[in-house]
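Spelled out, the chains give:
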Amino acid sequence: MERLFKTHYIRNQEELTGKYWDFVPCEGEKTGEAQQFMTPCCWETHPGFENYRGKAEFSTSFYAKGNIRLQFKGVSHTATVFLDGAEIARHYNAYTPFEVCANDLADGAHSLKVLVDNGFGEDSALHVPNDYQTYGGIIRPVYLENINSSYIRYCHVTTVRKGEGWTVKLSVCLKNVTGGKDACVLKIKAAGSEIKPVEVCLDAFEERVVYAETECTGVSLWSEECPALYFAECELEKNGTAFDDLRERFGFREVSIKGRDILMNGKKLFIKGFCRHEDHPMFGCALPLEAMAGDIELLKELGANSVRTSHYPNDERFLDLCDERGILVWEENHARGLSEEQMKNPNFELQAEDCIREMITAHFNHPSIYIWGILNECASDSEYGRECYKKQYDLIAEIDPTRPRSSASCKFKTDICLDLPEVVSYNIYPQWYHDTPVREYLDDLHEWVEKDTQGAGKPFLITETGAGAIYGNRDVRHAKWSEEYQAEALEKQLTAVLSSPYCSGVYIWQFCDVRISDEWWYSRPRTMNNKGVVDEYRRPKLSFETVKRIFKEYSRNTDRA
Ligand code: ADA
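All values reported here derive from a predicted model rather than from experimental measurement. (Residues numbered from 1 in each chain as written. Predicted model: local features only at pLDDT ≥ 70, side-chain atom pairs only at ≥ 80, totals over all residues. Heavy atoms only, no water.)

## Considering the overall build of the chain
Consideration 1: A tally of regular secondary structure across the chain gives eight helices and 31 strands.
Consideration 2: Computed over C-alpha atoms, the radius of gyration of the chain comes to 24 Å, within 12% of the 24 Å expected from 2.2 N^0.38 for 561 residues, which places it in the range of a compact globule.
Consideration 3: Overall, the chain is about 75 × 70 × 45 Å in size when its C-alpha atoms are taken along their principal axes.
Consideration 4: Residue burial in the chain is summarised as follows: out of 561 residues, 60% are buried.
Consideration 5: Considering only residue pairs separated by 6 or more positions, the chain has 72% of its internal contacts joining residues 24 or more positions apart. (Helix = DSSP H or I, 4+ residues; strand = E, 2+ residues; numbered from the N terminus. Rg over C-alpha atoms; globule rule 2.2 N^0.38 Å. Buried < 20%, exposed > 50% of the residue type's maximum accessible area, 1.4 Å probe, protein only. Contact = heavy atoms within 4.5 Å.)

Now the structure itself:
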C-alpha cells in the first residue's frame, strides 16, 4: 500500500516495485552485465556493488492503456525516465517524490527504464561526499496509475481553531492531462463534513488549485498522547459518475509560538528527540516499512517523543507511522554542512528550492510535522549564506505559513541568521569535540543569543548533541569511542539541556550508527558515524538505558501555557 491508509477507491493504482527489475551497470568491470534486483533497493546492498558510484539502468515493463501517471517516491539521486524508449522525465534528489503523466498509451505492454545516477560532481549541489552515504537505486516505491482526463494531484488540509470548533481549509490541486477543455465537479468531504460540490472547467493541460472550507465541531485533537486522525476525501465527477479520487489524512492541531515556547493546541512542546538517518546495513536507505516500524518501537522504548529527519525529507510511510504513534517530527530539506563555496554551486539554489517545494507539497498534511528545518550547519555566518537562508525561509512561509521554521546551526557566536526563523536551534558537542562543561557552554551561547542577536526571546532548541561509541567497545579507562564514555557524555549533555530553563528540548545525535561517504574516513572509525545509541543493526549500546532513564525523568512542561 502506498501509505498506511487507502488513498484511492476509484483511481486504479498498481505498485511497479515490490518485484525484480532488470539492473544494468553503465560503468566499471560489470558494464552491460544484466542482473535482477528486487526493488525498492540500494545497489550497495548487492554483492559486487557495495562501493558502486555512477550510473546504472533499472528497467521493467507494465500493461496499460490510455492516460497514465507514474509516481516515483524516491530515486537516488538523479533519475532519467524513459517510457517505451522515449525520455519523459528527469529528477534530481533522492529524497523527494516526483511524478510524470503520459497520454494515449496503446493497449498492451510498455517498457519503463530509469537511468539512475548517484555520482558526485558539479551537477549535484546537495548530494556531496558527506557524513552519511548517498546510496544508488530506486530507493522508494514506484506507482502506476490510470488517469481519465483530469486528476486530483494533491489535497492540502489546514485546521484552524474557531471558538469551540474548527475551520478546515482545503486546497485541492486538479490537473487536466488532455489537450481539450474538461468540465467536472469536485466533491469534498473532510472529517465527515460534506462541502458543497464545486463545478470546475479546466483548460487543456491546466493545473488549478480549488479552495474550499468547512466547519467541524466535536472532533478529537491530534496530540502525542492521543494522535487522533481524520480523512479528507475528494472525488471528481462527470455526468454523475465519479472518475477520480484522493483520500488524505490529517489531524486537528495548530502549532504556534508564544514567547520562548513552541505550542501545539496551546500546550508547550518539550522535545526529547533523536536525529535519524534512513540507513540500515541490509537495506541502505531503502528501509522497508517493517524496519521503519522497528525503529519507531525503539524510539518509543527510549522515551523519545520526537524525530528530526536529518538531513532530508523522509519516506512518507515513516511520517505516517509518526502520525499514528504521536511522534513529533522536525522535517528538513536536504543539506548538510555545505560551505559558502558549495552553496555557490550554480545548481544549489534551484535544487534546494525544488527540494523544499516537493517536501512541503508531499508532506503538508502530516500532523506530526510541527516545524520545517533548512540547511543544517551551512554557511549561516556569511552574507552570501544569509541570502540563501532568507530565500529558503521566505519560500517556506509562502508555501506553508502554518508551521514555524528553523535551522540547526553550528556557527556558535558567528551566526548572522538568527533573526530569520521563529525558532533558534544549535548543534552542540561539548564533551565530545571539546571538553567545556556542558551547562557552561550552553549558558554562554544562550546568553549571547539573548544579548547580541535578534534571536533573543525566541524558543531555543538543541538540535544535536552526542558522542561516539563503537558497539562492544567496553573500556575500564572510559576512553573516547567506548560505550562507557558515550553513556557518560550523554548523561551530562542531556541533563544540562533538559534542566535549563530556556531550552524547548533536545535531539540526540543520533539514533543509529550510519554508513558515511568513504571520503570522510579520517575522522570516522569503520567509515561509519558511530554516535548512534544503537548500532547499525539496532543493537543497544550502554547509553540506551542512560537515555531511557533521563528521558523518563524529564517529563515536565506539559501544562497548558
Ligand atoms: C554535525 C552534523 C551531523 C554529524 C555530526 C557529527 O553536527 O549535523 O550530520 O556530522 O555533526 O557526528 O559530528
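## Considerations on the side chain of Asn-67
Consideration 1: Structurally, Asn-67 can be placed in strand S4 (residues 55–72).
Consideration 2: A relative accessible area of 11% places Asn-67 in the buried class.
Consideration 3: Within polar-contact distance, the side chain of Asn-67 engages the backbone nitrogen of Asp-104 at 2.9 Å.
Consideration 4: Once you skip the residues sitting within four places of it in the chain, Asn-67 turns out to touch Ala-102, Asn-103, Asp-104, Glu-145, Asn-146, Ile-147, Asn-148, Val-177 and Thr-178. (Polar contact = N/O pair within 3.5 Å; in protein donor to acceptor, adjacent residues only side chain to side chain.)

## Focus: the site of the ligand
Consideration 1: Lining the immediate surroundings of the ligand are 13 residues, of which Asp-131, Glu-377, Tyr-433, Glu-464 and Lys-531 lie closest.
Consideration 2: In the environment of the ligand, an oxygen atom lies 2.6 Å from a nitrogen or oxygen atom belonging to the side chain of His-311.
Consideration 3: At a separation of 2.5 Å, an oxygen atom of the ligand approaches a polar side-chain atom of Glu-377.
Consideration 4: Its residues assigned to classes, the shell around the ligand comprises three nonpolar, four polar and six charged. (Near = heavy atom within 4 Å. Nonpolar A, V, L, I, M, F, W, Y, C, P; charged D, E, K, R; others polar.)

## Here we look at the environment of Ile-399
Consideration 1: By secondary structure assignment, the location of Ile-399 is in helix H5 (residues 383–399).
Consideration 2: Looking at Ile-399, the relative accessible area reads 23%, which means it is partly exposed.
Consideration 3: Sequence separation of Ile-399 and Ile-360 is 39 residues, and the distance between their C-alpha atoms is 7.4 Å.

## Focus: the pattern of salt bridges
Consideration 1: The full count for this structure, using the stated rule, is 53 salt bridges.
Consideration 2: A salt bridge links Arg-3 to Glu-248, with the nearest nitrogen and oxygen atoms 3.6 Å apart. Note that Arg-3 is positioned in the segment before strand S1 (13–15) and Glu-248 in strand S17 (residues 241–250), a separation of 245 residues in sequence. Here Arg-3 and Glu-248 have matching classes, each one buried.
Consideration 3: For the salt bridge of Arg-403 with Asp-400, the shortest nitrogen-to-oxygen distance reads 2.8 Å. There is no split in this pair, since Arg-403 and Asp-400 are both buried.
Consideration 4: Look at the salt bridges and you will find they share partners, linking Glu-2, Arg-3, Lys-73, Glu-248, Arg-249, Glu-316, Asp-320 and Glu-324 into a network. (Salt bridge = Lys/Arg side-chain N within 4 Å of Asp/Glu carboxyl O.)

## Here's the deal with the pairing of strand S12 (residues 165–176)
Consideration 1: Taken across its 12 residues, S12 has nine buried, putting it largely inside the fold.
Consideration 2: Between strand S11 (residues 150–162) and S12, which pair antiparallel and follow one another directly, the connecting turn spans two residues, one of which, Gly-163, has a positive phi of 60°.
Consideration 3: Note: S12 against strand S15 (residues 207–216), 10 bridges, orientation antiparallel. Bridging from a neighbouring strand, Ser-171 pairs with Tyr-211 of S15. (Pairing = 2+ DSSP bridges.)

## Focus: the sheet that holds S17
Consideration 1: Pairing in this open sheet of four strands is antiparallel, and the strands run S14-S13-S16-S17 from one edge to the other. Only two strands of the sheet have a single partner each, and these edge strands are strand S14 (193–202) and S17. Pairwise comparison of adjacent strand axes, ignoring direction, gives a mean angle of 20° for this sheet.
Consideration 2: By the bridge criterion, eight bridges tie strand S13 (residues 182–190) to S14 in an arrangement that is antiparallel. Counterpart to Leu-186 in the pairing with S14 is Val-198. (Axes fitted to C-alpha atoms, helices over the stretch in contact; angles between N-to-C directions.)

## Quick notes on the nonpolar core
Consideration 1: Phe-274, Tyr-426 and Phe-460 are the most contacted members of the largest nonpolar core, which totals 72 residues.
Consideration 2: Counting residues in hydrophobic clusters, the runner-up holds 30 residues, among them Trp-21, Cys-41, Ile-68 and Val-114. (Core = buried A, V, L, I, M, F, W, Y, C linked by side-chain atoms within 4.5 Å.)

## A short note on unusual backbone geometry
Consideration 1: Cis geometry marks the peptide bond from Ser-310 to His-311, where omega comes out at -5°.
Consideration 2: Inspection of the secondary structure puts His-311 in the loop between strand S22 (306–308) and helix H2 (316–325).
Consideration 3: Omega for the bond connecting Trp-509 with Gln-510 falls within 30 degrees of zero, at 10°, which places this linkage in the cis form.
Consideration 4: The residue Asn-265 is not glycine, and still its phi comes out positive at about 50°.
Consideration 5: Assignment of secondary structure puts Asn-265 in the loop between strand S19 (261–264) and strand S20 (267–268).
Consideration 6: Residues other than glycine seldom take positive phi values, yet Arg-538 does so here, at roughly 75°.
Consideration 7: As for its position among the elements, Arg-538 is in the loop between strand S31 (528–529) and helix H8 (543–553).

## With respect to the packing of aromatic side chains
Consideration 1: Considering all chains together, one arrives at 29 aromatic pairs under this definition.
Consideration 2: In this structure, Arg-403 is placed above the aromatic ring of Phe-364, and the distance from its NZ or CZ to the ring centre is 5.8 Å.
Consideration 3: We note Lys-480 situated over the ring of Trp-432; from NZ or CZ to the ring centre the distance is 5.4 Å. (Phe/Tyr/Trp six-rings, centres within 6.5 Å; stacked < 30°, edge-to-face > 60°. Lys NZ or Arg CZ within 6 Å of the ring centre and 35° of its normal.)

## A short note on the sheet that holds S19
Consideration 1: Ordered in space as S18-S19-S20, the three strands form an open sheet in which the pairing is antiparallel. Edge positions in the open sheet fall to strand S18 (255–258) and S20, since each of these has one partner strand only.

## As for the packing of helix H4 (residues 348–363) against H5
Consideration 1: At their nearest, the axes of H4 and H5 sit 10 Å apart, and the two run at 25° to each other. Between H4 and H5, the angle is such that the two are roughly parallel. Pair H4 / H5 crosses with right-handed handedness. The segment H4 lies against H5, with Phe-348, Glu-349, Ala-352, Glu-353, Ile-356, Arg-357 and Ile-360 engaging Cys-388, Lys-391, Gln-392, Leu-395, Ile-396 and Ile-399.
Consideration 2: Across the contact of H4 with H5, the residue classes tally to eight nonpolar, one polar and four charged. (Parallel < 35°, antiparallel > 145°, perpendicular 65-115°, else oblique. Left-handed = near helix turned anticlockwise from the far one by under 90°.)

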